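# A structural walkthrough
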Amino acid sequence: MIAGSVAVHADDLLTGVVIGTRDAVDYSTNARTTTVNTRVNAFDGNMDTFFASYDRSYTWAGLDLGQPYVITRVGWSPRNDGLGPDRVVLGVFEGANSPDFMDALPLYIIDERGTIGQMSYADVVCSRGFRYVRYVGPSNARCNIAELEFYGHPDVGDDSQLYQLTNLPTVSIHTLNGEIPYDKVHQIVSQLTIISDDGKQILSEPGTTRERGNYSRNFDKKPYRIKFDEKQHLLDAPAKAKKWTLINNYGDKTLMRNLLAFELSKLLGMPYTPFGTAVDVLLNGEYKGCYQLCDQISVNKNRVAITEMTPRDNSGDALTGGYLIEVDAYANKEKSWFSSYKGTPVTIKSPEEDSITVEQRQYIQNHFNAMEFDIFHYLDRNTFLRHFLVGEMSGNTDTYWSVFMYKQRNDDLLYTGPVWDFDLAFDNDQRIYPVCNKSDFIYRSGGSTAGKMRELVDNFVLRDEDSMAQLLNIWDKARQSGLTEENLVAWIDHMEQKLAVSQRLNFMRWPILNQRVHQNPQALGSFEAEVEVVRCFVKERLRWMDRRIGYTYVPSAINGVAVDLTQPYEVYSVSGQACGHSLTGLRPGIYIIRQGQASRKIVVH
């Protein structure tokens, strides 16, 4: 931003018909008015007058320029009162070619306090031409602007260079008639726009927006579900789909915990890890913060890759799948759900509530009941153990509060995954903090579980020798393939740098760094300090997990050392326990063979 009393720029100061929020506030009476403090004051050249809207948020003032102009500079001056300089922070300039601003694109976001009695200016980097331009005041500010200026030249322009709020992709949502999403049911007609690749790429398509989530909907920073009218590829996501989520991560002051858990999911070999990336979000021109744009967990060849059922699939092989369900403590708030014989609440995600048949509902309910009574026959060990390790490595309180599972057609097994919801993980829950001081796994020592999940995990994992042997094998493979302190710290360092600019704006919008929100165990006052908590946690947690499951980390270079199995050797488990002098009769698993100074890892099938 360049501040000064005079704008120096080759393009002209633009004029037009004043447009914007009609109703103003008369501060002498706090009444609604259309005669004082109106939108025309923002363009009268007098810094002692101002526009102040009656409503506190989503209000604006702008110009109809009569024809498209490429905007090259904007200027502003705050209202002349004690709060004025702060009331412009996070104000957003937009341009549009539709008078309802449904097709609006951002031009600039103000990131510094204004100066009373003085114009501040910013160059605009946006090559598209706009007929309509506006300034949208920040939340709860009643717009409160003394003067606005737009500079530019006549041109329809092009989309070769658009404006991103930060280095992260910008997601801009405009809703019909400015209606704000207010629940999980009503889908508000929207234009959904994503600007990425440093402003070189744009996707803008019609769709809908609604709120999403359960507990997270209680926060002022709301989570959203966006749905395109037609399937779309977003950014570098593998799936082409209609439905996507915007995770609000309000209580996660690192803004990266879910994404870090997804990284663990990949390292631990989950068949499907949800796509997720950090983005900046605008709603009707108002800045909402840094979010995570993620897959909606749904049936898709690049999401949960199972057969998608139709209402005709009511008998024979067709009735056997596929199904996507969620063990869900909030299931009784959903329309399509059941409680198992053992009292575990389960939401049926697919088939969806408006298409599932009676036969399909009864089949998956019966199959889940069968699984709870015979877990070793009906529950896939491979995915369950990997899911377990992600939850415990991250120290996630909610691992068994919400568990996705799926069933494929002509396959009796229920598979576990994908992983989801890690706002409280990585030492971010006062109820179990500090996680690594616990002597047992989190699900057994303070973690939240739905229904009979704690009992199921006990029986399926800890009390079964085959499961524990396979758990060690999975952990060893991951530890040898990238699940190391060095790699995790490098990932966190990279994300900290990537989020640096966006987090600054986010915590201007949501100034909570000095507050304990949700289940925060502490408030450290800075983004950097919050990230350091996660950095320290992953270092300690790796060592804790090694100890708890009886694993000794040996660098993978040991595999390159030759061992002559025709000569005498000694066998050890990966936890260092002596297992004799022969591979014959050993349980399946990973072992270390030592012969003199030489060592080698062997997999026994």
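These numbers were taken from a predicted model, which means no experiment stands behind them.

## Examining the overall build of the chain
- Broken down by element type, the chain carries 10 helices and 27 strands.
- Overall size of the chain, expressed as C-alpha extent along the three principal axes, is 95 × 60 × 45 Å.
- Put simply, the chain has 605 residues, and 58% of those count as buried.
- Sequence separation of at least 24 residues holds for 70% of the intrachain contacts in the chain that already meet a minimum separation of 6.
- Accessible surface for the chain amounts to roughly 24,400 Å². Of this, 46% is attributable to carbon and sulfur atoms.

## What about the packing of aromatic side chains?
- Inspection of the entire model under this criterion finds 27 aromatic pairs.
- Note on Tyr-215 and Phe-219: the rings are 5.7 Å apart at their centroids and 75° apart in plane angle, and the pair reads as edge-to-face.
- Assessed through its relative accessible area of 40%, Tyr-215 is described here as partly exposed.
- A network of ring pairs unites the aromatic residues Phe-376, Phe-384, Phe-388, Tyr-400, Phe-441, Tyr-443, Phe-460 and Trp-544 as a single cluster.
- The ring of Phe-50 carries Arg-79 above its face, with NZ or CZ at 4.2 Å from the centroid.

## Notes on unusual backbone geometry
- With an omega of 5°, the peptide bond running from Gly-321 to Gly-322 counts as cis.
- Here the amide bond leading from Tyr-433 into Pro-434 is cis, since omega sits at -10°, within 30 degrees of zero.
- If you trace the backbone, Pro-434 turns up in the loop between strand E23 (415–416) and helix H6 (453–462).
- Despite not being glycine, Phe-101 has its phi angle at roughly 60°, a positive value.
- Residue placement: Phe-101 occurs in the loop between strand E7 (92–96) and strand E8 (105–109).
- A positive phi angle, near 60°, is found at Leu-255, a position not held by glycine.
- Along the chain, Leu-255 falls in the loop between strand E16 (240–247) and helix H2 (257–267).
- We classify Leu-255 as buried; its relative accessible area is 1%.

## Overview of helix H5 (residues 381–393)
- Between its terminal C-alpha atoms H5 stretches 18 Å, which fits the 18 Å expected from 13 residues at 1.5 Å a residue.
- Here H5 lies mainly inside the structure; 11 of its 13 residues are buried.
- Burial in H5 covers these residues: Thr-383, Phe-384, Leu-385, Arg-386, His-387, Phe-388, Leu-389, Val-390, Gly-391, Glu-392 and Met-393.

## Some thoughts on the sheet that holds strand E14 (residues 201–211)
- Sheet architecture is closed into a barrel: seven strands sit in the order E12-E13-E14-E15-E16-E18-E17, paired in mixed fashion. With direction set aside, neighbouring strand axes in the sheet form an average angle of 35°.
- For E16 and strand E18 (residues 286–295), the ladder comprises four bridges, and the chain directions are antiparallel. Within E18, the residue paired with Leu-246 across the bridge is Leu-293.
- Each of strand E17 (276–283) and E18 is contacted by helix H9 (residues 500–509), which is oriented at about 125° to E18, the strand it contacts most.

## Structural notes on the nonpolar core
- Counting 93 residues, the largest nonpolar core has Phe-384 and Trp-475 as the members making the most contacts within it.
- For this core, the element with the most residues is helix H10 (residues 527–548), which contributes eight residues.
- If you look at the next biggest cluster of nonpolar residues, it comprises 38 residues, including Tyr-108, Val-124, Cys-143 and Leu-148.

## Brief notes about the pairing of strand E13 (residues 188–196)
- By the criterion of burial, E13 is predominantly enclosed, with eight of the nine residues buried.
- Bridging between strand E12 (residues 170–175) and E13 involves six bridges; their strand directions are antiparallel. Bridging across to E13, Val-171 finds its partner in Ile-194.
- For E13 and E14, the ladder comprises nine bridges, and the chain directions are antiparallel. Residue pairing in the sheet places Ile-195 in a bridge with Ile-202 of E14.
- Hairpin remark: E13 followed by E14, antiparallel, with four residues in the connecting loop; positive phi at Asp-197, about 55°.

## Looking at the pattern of salt bridges
- Summed over all chains, the structure comprises 32 salt bridges.
- In this structure, Asp-123 and Arg-73 form a salt bridge, with 2.7 Å as the shortest nitrogen-oxygen distance. Placement of the pair is Asp-123 in strand E9 (residues 120–123) and Arg-73 in strand E6 (residues 60–78), with a sequence separation of 50 residues.
- With relative accessibility at 39%, the residue Asp-123 sits in the partly exposed group.
- Classification of Arg-73 by relative accessible area gives buried; the value is 7%.
- One network of salt bridges, with partners in common, ties together Asp-440, Arg-444, Asp-458, Arg-463 and Arg-548.

## Quick word on the side chain of Asn-284
- Its place among the elements puts Asn-284 in the loop between E17 and E18.
- A residue is classified by how much of its surface remains accessible, and Asn-284, at 8% relative accessible area, is buried.
- Polar contacts involving the side chain of Asn-284 include one to the main-chain amide nitrogen of Thr-175, which spans 2.8 Å.
- Once you skip the residues sitting within four places of it in the chain, Asn-284 turns out to touch Tyr-58, Arg-134, Val-136, Ile-173, His-174, Thr-175, Gly-178, Glu-179 and Ile-180.

## Remarks on the sheet that holds strand E20 (residues 337–339)
- Pairing within the open sheet is antiparallel, and its five strands lie in the order E20-E21-E19-E22-E23. Sheet topology places E20 and E23 at the edges, where each strand pairs with a single neighbour.
- Of the strand pairs in this sheet, strand E19 (residues 323–328) and strand E22 (residues 402–407) are connected by six bridges, and their pairing is antiparallel. Residue pairing in the sheet places Glu-326 in a bridge with Phe-404 of E22.
- Here helix H3 (residues 358–373) sits on the sheet and contacts E19, E20, strand E21 (345–350) and E22; the angle it forms with E19, its principal contact strand, is near 55°.

## What to know about the side chain of Thr-59
- Secondary-structure assignment places Thr-59 in the loop between strand E5 (31–33) and E6.
- A distance of 2.8 Å separates polar atoms of two side chains, one belonging to Thr-59 and the other to Ser-53.

## As for a positive patch on the surface
- Taken together, the side chains of Lys-231, Lys-240, Lys-242 and Lys-301 present a region of like positive charge at the surface.
- Position of Lys-240 among the secondary structure elements: in strand E16.

## Looking at the packing of helix H8 (residues 485–498) against H10
- For the pair H8 and H10, the least separation of the axes is 10 Å and the interaxial angle reads 165°. On the basis of the axis angle, H8 is roughly antiparallel to H10. Crossing handedness for the pair H8 and H10: right-handed. Note on element contacts: H10 touches H8 through Phe-527, Glu-528, Val-531, Val-534, Arg-535, Val-538, Lys-539, Leu-542 and Arg-543, opposite Glu-485, Leu-488, Val-489, Ile-492, Asp-493 and Glu-496.
- For the contact of H8 with H10, the per-class residue count stands at eight nonpolar, no polar and seven charged.

About the criteria used
- Residues numbered from 1 in each chain as written.
- Predicted model: local features only at pLDDT ≥ 70, side-chain atom pairs only at ≥ 80, totals over all residues.
- Heavy atoms only, no water.
- Helix = DSSP H or I, 4+ residues; strand = E, 2+ residues; numbered from the N terminus.
- Buried < 20%, exposed > 50% of the residue type's maximum accessible area, 1.4 Å probe, protein only.
- Contact = heavy atoms within 4.5 Å.
- Areas by Shrake-Rupley, 256 points an atom, 1.4 Å probe, with all protein chains shown as cover.
- Phe/Tyr/Trp six-rings, centres within 6.5 Å; stacked < 30°, edge-to-face > 60°.
- Lys NZ or Arg CZ within 6 Å of the ring centre and 35° of its normal.
- Expected span 1.5 Å × (residues − 1).
- Pairing = 2+ DSSP bridges.
- Axes fitted to C-alpha atoms, helices over the stretch in contact; angles between N-to-C directions.
- Core = buried A, V, L, I, M, F, W, Y, C linked by side-chain atoms within 4.5 Å.
- Salt bridge = Lys/Arg side-chain N within 4 Å of Asp/Glu carboxyl O.
- Polar contact = N/O pair within 3.5 Å; in protein donor to acceptor, adjacent residues only side chain to side chain.
- Patch = residues over 30% accessible without salt bridge, like charges linked within 9 Å, V, L, I, M, F, W, Y side chains within 5 Å.
- Lys, Arg positive; Asp, Glu negative; His and termini not counted.
- Charge placed at Lys NZ, Arg CZ, Asp CG, Glu CD.
- Parallel < 35°, antiparallel > 145°, perpendicular 65-115°, else oblique.
- Left-handed = near helix turned anticlockwise from the far one by under 90°.
- Nonpolar A, V, L, I, M, F, W, Y, C, P; charged D, E, K, R; others polar.

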